[in-house]
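Examination of the molecular architecture
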Amino acid sequence: MMRVNTSICNYCGACVGICPVNCIFLDETIIKIDEERCIKCGFCIRGCPVGAIVADWWTGGGENEEIRV
Amino acid sequence: MRRYEYDVLVVGAGPGGSMAARFAARHGLRVLVVEKRPEIGVPVRCAEGISRTWLDEVEIEPQKRWIDAEIDGAKIYSPNERYVLKLSADQAGNEVGFVLNREYFDKELASLAVKEGAELWVKSPAVNIIKEDGFVKGAIVRRFGEEVEVRARIVIAADGFESQVARWAGLNTVLRERDVDSCIQYRMTNIDVEENFTHFYIGSCAPGGYIWIFPKGENEANVGIGVALNKIKDRGEVKKYLDAFIEKHPNLRKGTPIQIVTGAVSTCPVPKHIVDNGIMLVGDAARLIDPITGGGLANACISGKYAGEIAAKCIENPSKECLEEYQNKVEKKWERKHLRNWFVKEKLSQLSDDTLNKLLEVISQEEIKRLSVRGILEAVQKRYPELIEEFEDLL
């Protein structure tokens, strides 16, 4: 399961353009992730400039680890 | 569902979209631009440095209102910051000249499009495309909350790095990990910065990318970083790199961010397919960004102009075959340069701080009139012959 921390997200669309399977959509200011199509590559989690994307399957580290899905 | 019909639908009112709309409208086409945001130019997603050489080509008259600083040259700092390569605007090429105020710049370009007769809707995201018989024929747009059908003979996708419209249409704009740089920038006030120069810091402070300081007037600058995705291990790492850099520099540490800008850029060669039946991609959406500098504004404006003009030529036959002329023009303009710069970028990203220090030491002491890869390598060969092996494949 994935979640975008909206209090950190700057809705820049970096994750959208990075996603290799186009399963992220920036709906004006809200990031929507279609997890059915997600391949769990983690590009969006690492590529988000502010670290706003979290996932229960993400095993890497990073800031904001206290935020759990 | 309400239905509208146009000759051309442009998705995105950034510089690429506005220029496409402007030149298409000039040729008498009925043009609609849809912009997702409530305000054009805001929030900014840009470091705002440009050269002044290309503005004539796209018929943009410099205006005081959108120029925050005039720049005479660039300085590139070695990782240990002992060696500084000073480049004049001539030598530095694309990203030296002005530091813009994109909020005003983007609005001016949108108004140039409107003056030519284009219509413009803000707060109107495209939420899907209309594709029939293998042709893109418009988009579903949520216009201020109401979903409407916008039919068009040609769609110009100018939706930036997200490049969503292209992928809905089936065009492959997927990037490899190595060809994405994740970026964050603070607009900082109350700092000490040498005005009239843009400043670039390379090496392990920003793996696979660089840190920039672009002055925005007295005691103010855009201080930002791009890091290659394949060099990022953890969540939130990009911001940490930038914060560490600022912490190390007292002239910056004393300042305060008054804006946080985030985004990403592509650093790939020109894609093989940026047109299809009824659709053309421009600017960042077409991945037309210089792989070394990450600069994309000039390319967005120029490719926008090309797309607008070719839309007029192909309006009765918006097939891939006709629109291929746009692909050819783009390739002629950027394919070689971006491929070469992609190779150099790949090479630079592999170099250690130690090697980069030696490289900058040599280059900064040489009288290099015109920066060329060959000129630099010959200078390196003289001073550090053992280093040249690392660069052999560039010769």
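Residues numbered from 1 in each chain as written. Chains lettered and ligands numbered in written order. Predicted model: local features only at pLDDT ≥ 70, side-chain atom pairs only at ≥ 80, totals over all residues.

Comments concerning the domain arrangement of chain B
- Once the domains are mapped, chain B shows domain 1 (3-46 + 103-175 + 270-343), domain 2 (70-98 + 177-266) and domain 3 (351-394).
- Its C-alpha centre places domain 1 of chain B at a distance of 40 Å from the equivalent point of domain 3 of chain B. (Domains from an automatic or database assignment.)

Digging into the pairing of strand β10 (residues 135-143) of chain B
Residue and element names in this part refer to chain B.
- Across 6 bridges, the pairing between strand β9 (residues 126-132) and β10 is antiparallel. Within β10, the residue paired with Asn-128 across the bridge is Ile-140.
- Here β9 folds back onto β10 in antiparallel fashion, the turn holding 2 residues, of which Asp-133 has a positive phi close to 50 degrees.
- Bridge analysis of β10 against strand β11 (residues 146-157) gives 6 bridges, and the strand direction is antiparallel. Within β11, the residue paired with Ile-140 across the bridge is Glu-149.
- The antiparallel pairing of β10 with β11 creates a hairpin that spans 2 residues between the two strands, and Phe-144 there sits at a positive phi of about 45 degrees. (Pairing = 2+ DSSP bridges. Helix = DSSP H or I, 4+ residues; strand = E, 2+ residues; numbered from the N terminus.)

A closer look at the environment of Phe-200 of chain B
Residue and element names in this part refer to chain B.
- Structurally, Phe-200 can be placed in strand β13 (residues 197-201).
- Given 22 C-beta atoms within 10 Å, Phe-200 falls into the buried group.
- A C-alpha to C-alpha distance of 4.7 Å links Phe-200 and Ile-76, two positions 124 residues apart in sequence.
- Setting aside anything within four residues of it in sequence, one finds Phe-200 in contact with Ala-74, Lys-75, Ile-76, Tyr-77, Tyr-210 and Trp-212. (Buried ≥ 20, exposed ≤ 12 C-beta atoms within 10 Å, placed from the backbone. Contact = placed C-beta atoms within 7 Å.)

Notes on the interface of chain B and chain A
- Between chain B and chain A, the contact holds 29 residues from the first and 25 residues from the second.
- Within the residue set of the side of chain B that touches chain A, elements represented by two or more residues are α4 (164-168), β12 (180-189), α5 (237-248) and β16 (256-266) of chain B.
- By residue class, the composition of the side of chain B that touches chain A is 12 nonpolar, 7 polar and 10 charged. (Nonpolar A, V, L, I, M, F, W, Y, C, P; charged D, E, K, R; others polar.)

A word on the sheet that holds strand β5 (residues 73-77) of chain B
Residues and elements named next belong to chain B.
- Across the sheet, 7 strands lie side by side as β6-β5-β13-β14-β15-β12-β16; this open sheet has mixed pairing. If you trace the sheet from one side to the other, it starts and ends with β6 (84-88) and β16, each paired once. Averaged over all adjacent pairs, the angle separating strand axes in this sheet is 20 degrees, with direction ignored.
- Where β13 and strand β14 (residues 210-215) come together, 3 bridges link them in antiparallel fashion. In the strand pairing of β14, Tyr-201 is matched with Ile-211.
- Along the sheet face, α5 touches β12, β14 and β15 (220-228) and points at about 135 degrees away from the line of β15. (Axes fitted to C-alpha atoms, helices over the stretch in contact; angles between N-to-C directions.)

Some words on the sheet that holds strand β4 (residues 67-70) of chain B
All names here are of chain B.
- An order of β3-β7-β4 is seen for the 3 strands of this open sheet, with the pairing classed as antiparallel. In the strand order of this sheet, the two ends are held by β3 (49-50) and β4, each with one partner.
- Two elements, β4 and strand β7 (residues 98-100), share 3 bridges in a ladder whose sense is antiparallel. Bridge pairing in β7 links Ile-67 to Leu-100.

Re the nonpolar core
Residue and element names in this part refer to chain B.
- Ranked by internal contacts, the top residues of the largest apolar core, which has 140 residues, are Val-8, Val-31, Val-155, Ile-156 and Met-280.
- Per-element tally for this core: the top contributor is helix α7 (residues 297-313), with 9 residues.
- Beyond its immediate sequence surroundings of up to four residues, Val-8 is in contact with Ala-24, Leu-29, Val-31, Ala-152, Ile-154, Ile-156 and Ala-311. (Core = buried A, V, L, I, M, F, W, Y, C linked by C-beta atoms within 7 Å.)

What to know about unusual backbone geometry
- Of note, the amide linkage connecting Val-42 of chain B to Pro-43 of chain B takes the cis form, showing an omega dihedral of -10 degrees.
- Structurally, the position occupied by Pro-43 of chain B is in the loop between β2 (31-34) and β3.
- Phi angles above zero are rare outside glycine, and Lys-40 of chain A is one such case at about 55 degrees.
- Structurally, Lys-40 of chain A is set in the loop between β3 (30-33) and α2 (43-47).
- Residue classification places Lys-40 of chain A among the exposed positions, given that 11 C-beta atoms sit within 10 Å.

With respect to helix α8 (residues 320-350) of chain B
Residues and elements named next belong to chain B.
- The end-to-end C-alpha separation of α8 is 39 Å, well short of the 45 Å expected for 31 residues at 1.5 Å each.
- Trp-334 marks the point of greatest bend in α8, at about 45 degrees.
- All of the buried residues along α8 are Leu-323, Tyr-326, Gln-327, Val-330, Trp-334, His-338 and Lys-345.
- For α8, the secondary structure elements touched by its buried residues are β17 (275-276), β18 (279-281) and α7. (Expected span 1.5 Å × (residues − 1). Bend = angle between axes of the 7 residues up to and from the residue.)

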